[in-house]
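Here's the letter readout for the chains.
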Amino acid sequence: MERTFIMIKPDGVQRQLIGEIVGRFEKKGFKLVAMKVMTVSQELAEKHYEALNDKPFFSGLVKFICSSPVVAMVWEGDSVVSTSRQMIGATDPHAAAPGTIRGDYGVSVGRNIIHGSDAIETAKREIALWFKEEEVN
Ligand code: ATP
Ligand code: MG
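Cut-off values and rules
- Residues numbered from 1 in each chain as written.
- Chains lettered and ligands numbered in written order.
- Predicted model: local features only at pLDDT ≥ 70, side-chain atom pairs only at ≥ 80, totals over all residues.
- Heavy atoms only, no water.
- Helix = DSSP H or I, 4+ residues; strand = E, 2+ residues; numbered from the N terminus.
- Rg over C-alpha atoms; globule rule 2.2 N^0.38 Å.
- Contact = heavy atoms within 4.5 Å.
- Areas by Shrake-Rupley, 256 points an atom, 1.4 Å probe, with all protein chains shown as cover.
- Lys, Arg positive; Asp, Glu negative; His and termini not counted.
- Charge placed at Lys NZ, Arg CZ, Asp CG, Glu CD.
- Phe/Tyr/Trp six-rings, centres within 6.5 Å; stacked < 30°, edge-to-face > 60°.
- Buried < 20%, exposed > 50% of the residue type's maximum accessible area, 1.4 Å probe, protein only.
- Lys NZ or Arg CZ within 6 Å of the ring centre and 35° of its normal.
- Salt bridge = Lys/Arg side-chain N within 4 Å of Asp/Glu carboxyl O.

S.K.: Give me the lowdown on the overall build of the protein chain, citing residues and values where you can.
M.R.: When its secondary structure is counted, the protein chain shows 7 helices and 4 strands. Reading the protein chain from its N terminus to its C terminus gives the helix and strand order β-α-α-β-α-α-β-α-α-β-α. The C-alpha atoms of the protein chain give a radius of gyration of 14 Å, which matches the 14 Å a tight globule of 137 residues would have. Structurally, the protein chain occupies a C-alpha span of about 35 × 35 × 25 Å along its principal axes. Nonlocal contacts in the protein chain, meaning residues at least 24 apart in sequence, comprise 77% of its contacts between residues at least 6 apart. Carbon together with sulfur atoms contributes 51% to the accessible area of the protein chain, which is approximately 7200 Å² in total. Averaging the locations of the 17 positively and 18 negatively charged side chains of the protein chain gives two centres separated by 4 Å.

S.K.: I'd love a proper account of the packing of aromatic side chains, names of residues and values included.
M.R.: Counted according to the given criterion, the structure contains 3 aromatic pairs. Centroid distance Phe5 to Phe131: 6.4 Å. Interplanar angle 70 degrees. Geometry classified as edge-to-face. With Phe5 in strand β1 (residues 3-8) and Phe131 in the segment after α7 (120-130), this residue pair connects regions lying 126 residues apart in the sequence. Judged by its relative accessible area of 7%, Phe131 is buried. One aromatic cluster is present, built from ring pairs that chain together Phe5, Trp130 and Phe131. Here Arg111 stacks its cationic end above the ring of Phe64, 3.8 Å away from the centre of that ring.

S.K.: Hey, could you go over the pattern of salt bridges for me, with residue numbers and the actual values?
M.R.: Within this structure, the stated rule accounts for 8 salt bridges. Its salt-bridge partner being Glu76, residue Lys31 comes within 4.0 Å of it at the nearest N-O pair. Placement of Lys31 in strand β2 (residues 31-38) and of Glu76 in strand β3 (residues 70-76) is noted, with a sequence separation of 45 residues between them. Of the charged contacts, one joins Glu135 and Lys36 as a salt bridge, the two residues approaching to 3.1 Å between their closest N and O atoms. Of the two residues, Glu135 sits in the segment after α7 while Lys36 sits in strand β2, which places them 99 residues apart along the sequence. Owing to a relative accessible area of 30%, Glu135 belongs among the partly exposed residues under this scheme.

Shape is all these values report; function is a separate question.
Laid out in C-alpha cells, this is it:
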C-alpha cells in the first residue's frame, strides 16, 4: 500500500493545528502508520531539503524547521502521495485554494504549516530518513 511522509512544521505546531490536520487525514480515510513529536537537527533538516540546497532561502528554511518541535508522520492509503499534496495545497498559501490546509491556515511561503512528499520515490526516501524501520512496519 502507498505511503507518504507528512510533517507539521514548527508554525503548525505553535498555532495548535495538530488536531485539525490529523483530523483531515483521518476523515479522508487514510491510515496513520507512525507519528512523533521531535525537534529536528540541522543535519536532518539539511538532508530532508537537500534538493533545495542551492536556493537563496535554504539556510532560512533549515533554521526555521529546527527552531521548535515538528510532528513527523507516515500515512498510508490509495494514492496517498498525490491526494495529500492536493489536501495541502500550493506552496505559497496566497495561491493555495480555500479548503486546502495551506489555503485555510498558511501565512506565507516560509510559514506554510505542513510538508508532504511530492512523489512516491520521494516518500520512500523521506520515510527512511525520518523513521527507523521498526517504527514503520
Ligand atoms: P514542502 O516540501 O515543504 O512540502 P513544497 O513541496 O510545496 O513544500 P518546495 O519547492 O519543496 O515546496 O519548497 C520547500 C519549502 O521551502 C516550502 O514549503 C517553503 O517553506 C520553502 N520555500 C519554497 N520556496 C520559497 C521561497 N521562494 N521563499 C522562501 N521559502 C520558500
Ligand atoms: Mg517539497
